[in-house]
Amino acid sequence: MTQVEGERRSASGVLAPERLRELYAQMLLIRRFEEKVEERFRAGELPGFLHVAIGQEAVACGVCAALEPDDVIGSTHRAHAHTIAKGTPVDAVMAEMYGKVEGCSGGFGGSMHLYDVARGNLGANAVVGGGLPAMVGAALAFKMRGEPRVAVPFFGDGATNTGAFHESMNLAQLWQLPVVFVLENNGWAESTPAAQQLPLAVEDMEHRALAYDMTHWEVDGQDVEAVYAAMRDAREHVVGGRGPVFLNARTFRFTGHYVGDPQVYRDKDEVRGLMESHDPIELLRARLGLSDEDAEALDAAATAEVEASVELAQAGTDPAPEDALKWVYAEGSMEPDGA
Amino acid sequence: MPEITYREAVRDGLSQLMRRDERIFIMGEDIAEMGGSMGVTQGMLAEFGPERVRNTPISEIAIVGAGIGAAMQGMLPIVEIMYEDFLTISMEQIVNQAAKHRTMSGGQLKVPLTIRTQGGAGWSPGAQHAQQLESWFVHVPGLKVVFASTPEDVRGLLWSSVYDPNPVLFFEHRTLYPIKGEVPDQLAPIPLGTARVHREGSDVTVVATGRLVHESLQAAEEAEKDGISVEVVDPRTLSPLDTESIVASVRKTTRCVTAHEAVVQGGFGAELAAVVQHGAFDWLDAPVERVGAKFAPLPFAPVMEEYAIPHAADVLEAIRRTVARA
């Protein structure tokens, strides 16, 4: 299968059924995780505030499944799905929601700053577009050292209005860096619809890449297999030294911008309709032809894993208050023989 | 000890670092063929090639941001922001990204990035090419801030900044590039957070940065003629600050003047005054005097610029005011 520019890609038969089943289980795990953090947040158990990616799981899972362990991602304020998809155990993500030492950022980050550097997650960024330039820099390091690695920033259509996005696209293309820009094109910038924040139709977002003469591919972001296939090809393209790729994944956010968002700006029937017709988990279930029994067993496993993570997090270790100052500065020296 | 200019000292520091360590590279606007708008990187393209001496587009967000990402991945980038006025464009990357990754990641990441920049008035650049904005960055935990005033210091501090595991804002002063000074034969790293006493004295301490170190030394010569003995201290690193040396000096002299080219209001002198009043309250014989630019965007016409920014005469006046109080 060859990717064609300007053609939205769907796919089936790319992945072995067993692998697809794993992705189904992963998407389900993320869905149950996010439903659970919504619940615990509403119960007043979680500090701060949260953004869930319910409806967008196939983009996170399809992209991360196509990456090699040394590849890096940069996430957004809507970070749970990316982080779990890149391999961070649910226990560590849940513990971070509770601000515990066992959290993937040691309780220093919270929902919007999930990091797992050992697994290639360079961090979730809460400034829209703000994380993109560093991903270009990571790719620059890979290229300068001749390493076959790729840097993958996730961002939404709202971020494509920022200067950071445009400067990142421009520099990555100019220097032909191994970056795959993954646009989670859900048509919303918080509460503001595409029509009020984009000079382009949601369907025409490839123009963001055309402006920089960058290779752009469109993919159905509700089809995890299609996302996987597109990302795998994109990875091959950029690691082969052919410049960055703009991967435009059309997707849908089934929830509000943040947990507790009453969504006064959105038609409830439209959301209900999207959930019925565009749920990436249901779509994959149909493709896999899972029996009710099979699906229920997978669901029970995901639910149990999430429940266990809550229990662990609730019983987790609170940081000492004075740990607040622990990581302000790194110690030692970067001298070749330094500490 | 050879005598070289401040400009040559920066270039020599950069070149010695890059000869020694493949992880180090420089990028910024016009730094390659042109050798930088201040001529600091002249000749470096020929020695190190375009991979390590990288001309960038006019993209201050991406210049700093790409430096952050490369630093997180084990490189030691030195990025140049042509004028510190343009730091405003990359402010988000510096303040929200570079400074915070280490804490937000719970200690998983380091950002060993050096951001070189320069500024300063005295040549009628107008309001957008001469600001002194160093104090802004002192307010941000996670950043280090260096401001060197001599060839020896600029070279030794550059070395320590590049090998520091944290993001460092490295301020150079435009009008200091041509000044000459002796430097050690062998590059001697100067630890961050150590002040330098340029001149010992017993009546007044002037804590000065950048160009005002030289203006203060001139003022001290003048004061000497009136029998006032002035100690001139350059903190060199504004964050972390060598409070111990500054407080010790003021305890000895009992009077303090702060001097920088930046505007007085909210300037670094305010921080110095706070440090001094707290650390030397019982020793002080006069209120701390602050010298800096008048509170206005810098005008173009030389007579107005001259009026707006501080000179040796302003420092001298402040010295006399503190002495008169006793």
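Numbering of residues starts from 1 in every chain and runs along the sequence as written. Chains and ligands are labelled by the order in which they are written, letters from A for the one and numbers from 1 for the other. In keeping with the predicted nature of the model, local features appear solely for residues at pLDDT of at least 70, side-chain atom pairs appear and are counted solely at 80 or more, and the whole-chain, interface and lining totals rest on all residues.

(A) Region of the structure containing the overall build of chain A. When its secondary structure is counted, chain A shows twelve helices and nine strands. Its C-alpha atoms give chain A a radius of gyration of 20 Å, within 12% of the compact-globule value 20 Å for 339 residues. Along the first, second and third principal axes, the C-alpha atoms of chain A reach 60 × 50 × 40 Å. A buried classification covers 53% of the 339 residues belonging to chain A. The long-range fraction of contacts in chain A, counting pairs at least 24 apart against all pairs at least 6 apart in sequence, stands at 76%. Put simply, DSSP marks the helices as runs of H or I at least four residues long and the strands as runs of E at least two long, and each gets a number from the N terminus on. For a compact globule the rule gives 2.2 Å times the number of residues to the power 0.38, and the radius of gyration it is set against comes from C-alpha atoms. Once C-beta atoms are placed from the backbone, each residue is buried if 20 or more other C-beta atoms lie within 10 Å of its own, exposed if 12 or fewer, and partly exposed for counts between those two. By the convention adopted here, residues are in contact when the distance between their C-beta atoms, placed from the backbone, does not exceed 7 Å.

(B) Fine view of the overall build of chain B. Counting secondary structure elements, chain B contains twelve helices and 14 strands. A globule of 326 residues ought to have a C-alpha radius of gyration of about 20 Å, and chain B, at 19 Å, matches this closely. C-alpha extents for chain B along the principal axes are approximately 60 × 45 × 40 Å. Counting the 326 residues in chain B, one finds 59% classified as buried.

(C) Focus on unusual backbone geometry. Each neighbour pair has its own omega, and for Ser239 of chain B with Pro240 of chain B the value is 0°, a cis peptide bond. You can see Pro240 of chain B is positioned in the loop between β12 (237-239) and α9 (243-253). Although it is not a glycine, Asp213 of chain A sits at a positive phi angle of roughly 60°. Mapped onto the elements, Asp213 of chain A comes out in the loop between α8 (207-210) and β8 (215-220).

(D) Quick peek at the interface of chain B and chain A. Across the contact, 37 residues belong to chain B and 39 residues belong to chain A. Among the elements of the structure, α3 (60-72), α4 (91-98) and α5 (101-104) of chain B are those that each provide at least two residues to the side of chain B that touches chain A. Top contributing element to the side of chain B that touches chain A by residue count: α3 of chain B, with nine residues. For the side of chain B that touches chain A, a count of residues per class yields 15 nonpolar, 17 polar and five charged. By the convention adopted, Pro, Cys, Tyr, Trp, Phe, Met, Ile, Leu, Val and Ala count as nonpolar, Lys, Arg, Asp and Glu as charged, and the other residues, Gly among them, as polar.

(E) Examining the nonpolar core more closely. Residues Val136, Ala138, Val180, Val227 and Leu247 of chain A together with Val206 and Ile319 of chain B are the most contacted members of the largest nonpolar core, which totals 199 residues. Excluding anything up to four places from it in sequence, Ile319 of chain B contacts Val204, Val206, Ala219, Ala223, Ile228, Val230 and Val257 of chain B. By definition, a nonpolar core groups buried Ala, Val, Leu, Ile, Met, Phe, Trp, Tyr and Cys residues that connect through C-beta atoms lying within 7 Å of each other.

(F) The arrangement of helix α8 (residues 211-225) of chain B in detail. All names here are of chain B. Working rule for helices: expected span equals 1.5 Å times residues minus one. The terminal C-alpha atoms of α8, which comprises 15 residues, lie 22 Å apart, in line with the 21 Å expected from a rise of 1.5 Å per residue. Of all the residues in α8, the buried ones are Arg211, Leu212, Val213, His214, Glu215, Ser216, Ala219, Ala220 and Ala223. At its buried positions, α8 is contacted by β7 (168-173), β9 (196-199), β10 (204-208), β11 (230-234), β13 (256-263) and α12 (312-325). After α8 finishes, the residue Gly227 shows a positive phi value of roughly 80°.

(G) Fine view of the packing of helix α1 (residues 17-42) of chain A against helix α11 (residues 280-288) of chain A. Residue and element names in this part refer to chain A. Working convention: axes come from line fits to C-alpha atoms, limited for helices to the stretch in contact. Angles between N-to-C directions cover 0 to 180 degrees. The geometry of α1 relative to α11 is characterised by a closest axis approach of 10 Å and an angle of 155° between their N-to-C directions. As summarised for this structure, α1 and α11 are arranged roughly antiparallel, according to the angle between their axes. Between α1 and α11 the crossing geometry is left-handed. Every residue of α11 that contacts α1 at Pro17, Leu20, Arg21, Tyr24, Met27, Leu28 and Arg31 is listed here: Pro280, Ile281, Leu284, Arg285 and Leu288. Residue composition of the contact of α1 with α11, by class: nine nonpolar, no polar and three charged. In this scheme, roughly parallel covers angles under 35 degrees and roughly antiparallel covers those over 145, while 65 to 115 is roughly perpendicular and the rest are oblique. Two helices that cross are described as forming a left-handed crossing if the nearer one is turned anticlockwise from the farther one by less than a right angle, and a right-handed crossing if clockwise.

(H) Layout of the confidence of the model for chain B. Known as pLDDT, the predictor's confidence for each residue is given on a scale from 0 to 100. For chain B, the average pLDDT comes to 97, and 100% of its residues sit at 70 or higher. For this predicted complex, the interface score ipTM comes out at 0.96, while the overall pTM is 0.96.

(I) A look at the sheet that holds strand β6 (residues 144-147) of chain B. Residues and elements named next belong to chain B. A pair of strands counts as paired when DSSP detects no fewer than two bridges linking them. Strands sit in the order β3-β2-β4-β5-β7-β6-β12 across an open sheet of seven strands; the sheet is mixed. Edge strands, defined here as strands with exactly one partner in the open sheet, are β3 (53-55) and β12. Direction aside, neighbouring strands of the sheet carry axes that sit 20° apart on average. Looking at chain direction, strand β2 (residues 24-28) and β3 are connected through three bridges and run parallel. Paired with Ile26 across the strands is Val53, a residue of β3.

(J) Looking closely at the sheet that holds strand β14 (residues 289-293) of chain B. Residues and elements named next belong to chain B. Taken together, the five strands give an open sheet; going across it, the order is β9-β11-β10-β13-β14, and neighbouring strands pair in mixed fashion. At either end of the open sheet lies a strand with only one pairing partner, and these are β9 and β14. Going from strand to strand, the sheet's axes swing by 25° on average, the running direction of each strand aside. Pairing geometry for β10 and β13, over four bridges, is parallel. Bridge assignment links Thr205 to a residue of β13, and that residue is Cys256. Relative to the sheet, α12 contacts β10, β11, β13 and β14, its axis offset from that of β14 by approximately 165°.

(K) Main features of the packing of α1 of chain A against helix α12 (residues 292-314) of chain A. All names here are of chain A. Two elements in contact, α1 and α12, have axes whose closest approach is 9 Å; the angle formed by their N-to-C orientations is 45°. By the angle class used here, α1 and α12 are oblique. Crossing handedness for the pair α1 and α12: right-handed. Each of Tyr24, Ala25, Leu28, Leu29, Arg32, Phe33, Lys36 and Arg40 in α1 lies in contact with α12, whose residues at this interface are Leu298, Asp299, Ala302, Thr303, Glu305, Val306 and Val310.

(L) Region of the structure containing the pairing of strand β4 (residues 151-156) of chain A. All names here are of chain A. With six of six residues buried, β4 is to be regarded as a mostly interior element. Burial of β4 is two-sided: the residues Ala151, Pro153 and Phe155 facing one way and the residues Val152, Phe154 and Gly156 facing the other way are all buried. Relative to β4, strand β2 (residues 72-75) is paired through three bridges, and the arrangement is parallel. Pairing of Val72 across the sheet is with Ala151, part of β4. For crossovers, right-handed means that the path from the first strand over the helix to the second runs clockwise, given strands pointing away from the viewer. With helix α6 (residues 163-174) bridging β4 and the parallel strand β5 (residues 180-185), this β-α-β connection has right-handed handedness.

(M) Region of the structure containing the pairing of β7 of chain B. Residue and element names in this part refer to chain B. Here β7 lies mainly inside the structure; six of its six residues are buried. The side-chain alternation of β7 yields two buried faces, one formed by Val168, Phe170 and Glu172 and the other by Leu169, Phe171 and His173. With four bridges connecting them, β6 and β7 associate as parallel partners. For Lys144, the partnering residue across the bridge sits in β7 and is Val168. In this fold, the crossover linking β6 to β7 by way of helix α7 (residues 151-162) has right-handed handedness.

(N) A look at the environment of Pro299 of chain B. Residues and elements named next belong to chain B. Examined against the element boundaries, Pro299 turns out to sit in the loop between β14 and α11 (302-308). Judged by local crowding, Pro299 falls into the partly exposed class, with 15 C-beta atoms found within 10 Å. Note: C-alpha distance between Pro299 and Ala99 (200 residues apart in sequence) is 33 Å. Those residues within four positions of Pro299 in sequence are excluded, and the remaining contacts are Met304, Glu305 and Ala308.

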